[in-house]
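# Report on the structure
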Amino acid sequence: MVLDERARHLLKSLVEQHIANGIPVGSRQLAKDAGLKISPATVRNVMADLEDEGYLIAPHTSAGRIPTHVGYRFFVDALLRVVPLSTQSHQLLVHRIGHHIPDTEQVLHAATEVLSELTHMAGFVRVPRRANQTLRHVDFLALREKEVLAIFVTDKGDVENRLIRTEHALSAAELNQAANFFNASYGGRPLQEVIQHLQRDLQQFRHEMDRILRSAMELGEEMLEEDQQRMLIEGEFQLLDLPELAGSERLRELLNAVRQKRDLVHLLDGSMRGSELRLFIGEESGFAPLSDCSVVSAPYIVDGEALGVLGVIGPMRMPYQQIIPLVDGAAHLLGRALSQS
């Protein structure tokens with residue numbers, strides 16, 4: 001359906017009213033607030049046409065209408081005027097994200113938290129994948145008899161610790177020898193390549209040395225496996241306040257999906273393929289628990305490469321004109337902060 005100017009104006013007004021109030025909009029109220037000199041009967045006819053074409057729906061037995069995900073999509077693509085990020089919000093983003101440059105994890109948490117606070121929705125960030133990070137070095141430290149701490153450091157500053165229990169005590173000289181061999185053989189290689197070489201080389205080492213290197217290999221494998229679910233989420237319980245989901249089975253499904261993360265990560269990884277902000281409205285995500293929600297995400301770029309995405313999950317009736325510049329601004333600042341770390 002090609003919407004004429006009157007239908008576009010009424011749809012825009014109805015969406016804005018529903019975003020502001022969260023209740024179905026009736027023809028009389030719409031006629032009053034839209035600023036057009038037309039009767040409620042004419043408005044009802046236009047609303048009926050919009051409903052027939054899938055832009056609006058009448059919930060339950062209400063005489064009013066609310067937008068469908070198709071209506072919201074048309075609103076965002078054709079009718080929305082995005083407002084510039086406010087000075088206050090920009091300053092808060094700079095303060096919260098820019099003050100954690102030395103620590104990657106802290107800056108990621110800060111970005112997620114501030115998005116949740118500013119939007120009153122669930123903020124998330126897809127943590128940079130480590131499969132293509134390179135191994136900087138490994139250290140083996142004796143903690144107590146028959147216990148060794150393996151310290152795995154990547155070129156991006158990620159540090160993973162693993163406690164290794166050995167069959168007999170190892171001297172500092174033996175542990176230093178193991179670390180030197182490991183670093184000489186595998187240092188500077190991508191983690192995925194390290195795993196492949198370890199699997200090939202492990203058979204060549206004596207039993208106790210094999211134990212240490214195998215544990216280091218398992219640590220690397222765990223790091224790569226965690227990549228599939230490395231996502232930080234803050235404010236997910238804000239979703240409990242959504243009237244659209246209150247007391248519904250869909251809310252339980254959504255919270256479970258947020259907890260499990262795997263399917264959400266798959267969705268977000270797909271949105272990293274471009275360099276632009278992405279918006280999934282309702283059923284567009286193809287992920288049933290999100291069918292009553294919208295996801296606004298933007299990639300954060302470090303040295304010309306998209307390392308991850310961040311954004312918010314909230315109701316379809318979110319104030320898009322404010323959320324879009326917030327997410328875009330946070331992604332830009334996060335990429336800049338990580339570039340300086």
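To be clear, the structure that these remarks concern was listed above.
The rules we used
- Residues numbered from 1 in each chain as written.
- Predicted model: local features only at pLDDT ≥ 70, side-chain atom pairs only at ≥ 80, totals over all residues.
- Heavy atoms only, no water.
- Phe/Tyr/Trp six-rings, centres within 6.5 Å; stacked < 30°, edge-to-face > 60°.
- Helix = DSSP H or I, 4+ residues; strand = E, 2+ residues; numbered from the N terminus.
- Buried < 20%, exposed > 50% of the residue type's maximum accessible area, 1.4 Å probe, protein only.
- Contact = heavy atoms within 4.5 Å.
- Pairing = 2+ DSSP bridges.
- Axes fitted to C-alpha atoms, helices over the stretch in contact; angles between N-to-C directions.
- 1 Å grid on protein atoms, 1.4 Å probe; cavity = no way out; pocket = protein on both sides within 12 Å on 5 of 7 lines; lining within 4 Å.
- Points joined across faces, edges and corners; volume = space filled by probe spheres on them.
- Nonpolar A, V, L, I, M, F, W, Y, C, P; charged D, E, K, R; others polar.
- Salt bridge = Lys/Arg side-chain N within 4 Å of Asp/Glu carboxyl O.
- Polar contact = N/O pair within 3.5 Å; in protein donor to acceptor, adjacent residues only side chain to side chain.

## Section: the packing of aromatic side chains
Within this structure, the stated rule accounts for four aromatic pairs. Between Y72 and Y320, the ring centres sit 6.1 Å apart and the planes meet at 55 degrees, which makes this aromatic pair tilted. Of this pair, Y72 sits in helix α4 (residues 69-79) while Y320 sits in helix α12 (residues 320-340), and the two are 248 residues apart along the sequence. This pair shows no difference in class: Y72 is buried, exactly as Y320 is. For the pair F182 and Y186, a centre-to-centre distance of 4.9 Å together with 65 degrees between the ring planes defines the contact as edge-to-face. Within this pair, F182 and its partner Y186 are both found in helix α7 (residues 172-186), separated by four residues, close to a single helical turn.

## Regarding the environment of K146
Looking at the element boundaries, K146 is found in the loop between β4 (135-144) and β5 (147-154). Overall, the relative accessible area of 38% leaves K146 in the partly exposed class. Expressed as a C-alpha distance, the spacing of K146 and H168, which sit 22 residues apart in the sequence, is 5.4 Å. Discounting residues that sit within four places of it in the chain, K146 has contacts with I164, R165, T166, E167, H168 and A169.

## Some remarks on the sheet that holds strand β6 (residues 159-165)
Read across the sheet, three strands follow the order β4-β5-β6 without closing on themselves; strand pairing throughout is antiparallel. Only two strands of the sheet have a single partner each, and these edge strands are β4 and β6. Taken over all neighbouring pairs, the strand axes of this sheet differ in orientation by 20 degrees on average, direction set aside. As paired elements, β5 and β6 share seven bridges and run antiparallel to each other. Paired with V148 across the bridge in β6 is I164. Lying over the sheet, α7 contacts β4 and β5, oriented at roughly 165 degrees with respect to β4.

## Let's talk about the layout of surface pockets
Looking at the largest pocket, its volume works out to about 620 Å³. Taken together, 25 residues line the largest pocket, and the ones lying closest to its centre are P128, R129, Q133, K156 and L307. Secondary-structure elements contributing two or more residues to the lining of the largest pocket are α6 (104-119), β10 (305-315) and α12. The residue makeup of the lining of the largest pocket, split by class, is nine nonpolar, seven polar and nine charged. Of the volumes computed, that of the second largest pocket is approximately 510 Å³. What lines the second largest pocket is a set of 19 residues, and nearest its centre among them are I66, P67, E244, D292 and M316. Taken together, the residues of the lining of the second largest pocket sort by class into eight nonpolar, seven polar and four charged.

## Some points on the pattern of salt bridges
Across all of its chains, the model carries 11 salt bridges by this definition. With a shortest N-O distance of 2.9 Å, R96 and E117 are connected by a salt bridge. Highlighted residues: R96 in helix α5 (residues 87-98) and E117 in helix α6, separated in sequence by 21 residues. Residue classification places E117 among the partly exposed positions, given a relative accessible area of 43%. Across the pair R165 and E147 runs a salt bridge, and its minimum N-O distance is 3.5 Å. With R165 in strand β6 and E147 in strand β5, the pair connects residues that are 18 residues apart, well separated along the chain. Taking the relative accessible area as the measure of exposure, E147 reaches 12% and is therefore buried. Members of the salt-bridge network, linked through shared partners, are R73, D77 and E284.

## Points about the side chain of R96
Here the side chain of R96 touches E117 through a polar contact of 2.9 Å, side chain to side chain. Contact partners of R96, with chain neighbours within four places excluded, come to A110, E113, V114 and E117.

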